[in-house]
Every structure is written in C-alpha cells, then in structure tokens.
Amino acid sequence: MNTNTVYVSFLFFFTFSTVLQLYLSVRQSRAVLAHRHEVPRDFAGTVSLEEHQKAADYTLAKQRLARYHVLFDAFLLLVFTLGGGLNLLAALSMKFSDGPITQGVLLIALFVVVNNVLSLPFDWYATFKLEARFGFNRSTMATFVVDNVKALLLGAVIGVPLLYAAIYLMGVTGSLWWMWIWLLWLAFSFLLMWTFPKWIAPVFNKFEPMPEGSLKIRIESLLERTGFKSKGIFVMDGSKRSGHGNAYFTGLGDNKRIVFYDTLLQDMQPDEVEAVLAHELGHFRRRHIIKQMLVMLALALVVLFILGQLMPEAAFYRGLGVVYPSHAMALLLFLLVLPVFTFPFSPLRSLMSRRNEFEADRFAAKTVSVKDLITALTKLYRSNAATLVSDRWYSCFYDSHPNARERIAALRALEKNQNHDKSP
C-alpha cells in the first residue's frame, strides 16, 4: 500500500459518492414535482389534492435541505482529513494530556463536539423553519437547547468509558485487537438495548402507561394471540416536539416495551391502532430485529478486521492527510471515511428492509383486517405528509419501506385473498 493509492482511491469514491447522492436527490425532486398536480389513482378517494400537494412540497423542501447537507458534509470531510482538521484536534488533545489513551479519548471527544456544533444550524433550520413551515414543529428553542445538552452529556457518560476501554484494548491485545473490540461492542450493544427504554429514553420524553379501556384490552388480546410478552404498553409525548406520529418496539428480553406516540393515538381509530401494532408484531414474529442485528454485528466484525489490516500502514494515515497516527486516530479516521466507500452498497440494506416490511404486512394480514391496515397507513401518509410518489432509483438507495403505491397495492391484493377466504 502506498500513499498515492490511498489518496486517489479516497478522492475517487468521495467524488462518486457525493455526486451520486446529489443526483439521486435531484431525481427524487423531479419525480415528486412531476406528479404534484394529480393524486395517484390508488389514493384518489382517500387523499385530497391539497394533502397530496402539501406532501409534495414538504418532500421538495426536505430534498433541497438534504442537498445542502450533502455538500456541507462533504466539505467538512475534506477539512477534517486532507485539510488537516484531525491533525489540529490531535495536537490540541496532546496539550491537555501526556497519556496516549486519554489523548485518544480527547481527540474523539473534540471531534464529536466540533462536528455537532458545526451541524447545529442544519438541525435548527430543519426544526424551526422547515418543520414549522409545514405545521409539524411543536418544539421550543428551550427544548431544542436542552435536548442537545442532554444528548452531549449522555454521550459523555456512556461514550467516554467505552472509548477508554476500546483504546486500551487496541493497545494491549496484539494483532487480534479487532476481535476484542468487536466483543466489547457486542456486549455494549446488548446492554444499551436493554437499558434504553427504562433509563435512557425517559431522559428526553415522558412515557405513561396506556390508560385502561377498550383500546388497551384489544392490544393485550393481540399480544396474547401473537405470543409477545412485554413490560408494558406506553404512550410517549411525541407531541412535545413534533406533529408526526409513530409506534415502535424497544428493549431487549424481559425489558421489552411497546410505545405509541400520542399523536398517532389522536389520529386513529382503535382498529387502526391494532393494525399498526400487528404490523410491528410481524417484525417480531418473523425475527427481523434479530436478523438485522446479526447482519449488523457481522458487518461490524468485517469492518474492524479491515481496520486491523490498515492500522499498521503509514500510507493509510498519510494518504488521508493525517500526520499523528495513533489507535484512536485510526478508529476515528476509518469511521469518518467509511461511508464514502459504503454508500454505493446502500441498495442491499434497503432491499432487505423493504422485504421485511412486506413480510410484516403479510403477517398483519393474517392477524387483523387488511382494510384497517390500509386505512391506518393512509392516515400515516397524510398526517406525516409522506410523499405518495418516489423515484425508482432514489427509493432503491434510501427507502427502508416500500413506496406508498407498491405497499398499498400489495395490501389490496392480500385483502382480496382475505375476502375470498371468508366468502361461503
């Protein structure tokens, strides 16, 4: 490996990835704009032209912001690498400590703080301009500031000990350090999943047990039929920050929870809420979460192995503009440039996710009324101003869920089969 090879390879993939992201965003905007003046036929009776145009305008605004974000992130990446930004942070960390492990922790901490501060204007604009313009923002400036401070402090409490352990292991476990780091990451991931619902999520939101009533009875009956055991059904104050609605599972083992946004419950009938939950239970029953975790852990092992081969190579650092090689620098530098090389493979991840969504829909169709799931999804599209139209290539790279027309068409085919099975 030589310095020039690393330098040229990085610039090639950097340019390709950046241009590809911009190109896909433009394609998505053009597709949405081309269908803005007419509701797709499959939704003509359930989504008004005004709602469809709001979703189109919302998507166009988000894509414009996304293109600026892509360019800004690309600029920052060049500044941190070839521009010497990481060298500056490394030199600064050396002034505060003589110990290599503490220097490494400070290097990564400084990067996180600087990167977050530089990205704040985009977060502020998205929250108080873009989301507010379309009626979704419920957050205040005080909440915005407190959330960011909480995230920074929480990241320090969790991340600093983890970094100390990781950098220490990299220095004392020899050539197989990457395996030890993977085992550390494995243990940390499971611990985080177990602790998140009870101790981390409540730092940012309030979670109240779902009140007694017919809806809770229906949900408990559905959970019993599908064999899902949880530590409770909770309602989250999502309306504190946004008008968007959602529902999700969280936790691990005996610490699993079911969480509904209060905004979702306000907008849907009990049978529709039950249908949404049935879809989520489909992910559980088909073991999608476990499968995704296994894939992520396997990829993490591969990534760490590759880093293990690159870390001793001086050309790895010099080719990316770094003059202060260290264990922490290798970890930070590799994770910083990795997305440049992996973005072209995004369709593989998105394809697996979309297949899981279709499979979860099929499970729900066997558990509840497909008609209820269709109406629930349509309400979610309307209330979240989700576009009903998506460019094929953009969807291939970015969409973790099937586009609206494909998904509803598949559900209507299932509904037809369901009605056929019920007919005498």
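Residues numbered from 1 in each chain as written. Predicted model: local features only at pLDDT ≥ 70, side-chain atom pairs only at ≥ 80, totals over all residues. Heavy atoms only, no water.

Going by what an unreviewed UniProt entry lists, the protein is known as Heat shock protein HtpX and is assigned to Neisseria animaloris. Recorded in UniProt under Subcellular location (unreviewed entry), the annotation for the protein is "Endoplasmic reticulum membrane". (UniProt positions renumbered as here; feature names shortened; annotations may be inferred.)

(A) Layout of the environment of Lys216. One can find Lys216 in helix α7 (residues 214–226). Sequence separation between Lys216 and Ser242 is 26 residues, and the spatial gap between their C-alpha atoms is 24 Å. Residues in contact with Lys216, not counting those within four places in the same chain, are Met210 and Pro211. A polar contact of 3.0 Å, which involves the side chain of Lys216, links it to the side chain of Glu212. (Helix = DSSP H or I, 4+ residues; strand = E, 2+ residues; numbered from the N terminus. Contact = heavy atoms within 4.5 Å. Polar contact = N/O pair within 3.5 Å; in protein donor to acceptor, adjacent residues only side chain to side chain.)

(B) Main features of empty space enclosed by the protein. Taken as a whole and assessed by the stated rule, the structure comprises one cavity of 30 Å³ or more. One number sums up the size of the largest cavity: a volume of about 50 Å³. Lining the largest cavity are Val47, Glu51, His52, Ala55, Tyr381, Arg382, Ala385, Ala386 and Leu388. Elements with a minimum of two residues in the lining of the largest cavity: α2 (49–80) and α14 (370–383). In terms of residue count, α2 provides more of the lining of the largest cavity than any other element does, three residues in total. Among the residues forming the lining of the largest cavity, the class breakdown is six nonpolar, one polar and two charged. (1 Å grid on protein atoms, 1.4 Å probe; cavity = no way out; pocket = protein on both sides within 12 Å on 5 of 7 lines; lining within 4 Å. Points joined across faces, edges and corners; volume = space filled by probe spheres on them. Nonpolar A, V, L, I, M, F, W, Y, C, P; charged D, E, K, R; others polar.)

(C) Up close: the UniProt feature "binding site: Zn(2+)" (unreviewed entry) in the protein. Taken from the UniProt record, the annotation "binding site: Zn(2+)" (unreviewed entry) applies to His279, His283 and Glu357. Taken along the chain, the residues just named run across 79 residues; in space they keep tight, none of their C-alpha pairs more than 8.2 Å apart. Of note, His279 is situated in helix α9 (residues 270–285). With residues up to four places along the chain from it excluded, the contact list for His279 reads Glu357, Ala360, Asp361, Ala364, Leu373 and Arg407. Residue placement: His283 occurs in helix α9. By relative accessible area, His283 is classed as buried at 10%. (Buried < 20%, exposed > 50% of the residue type's maximum accessible area, 1.4 Å probe, protein only.)

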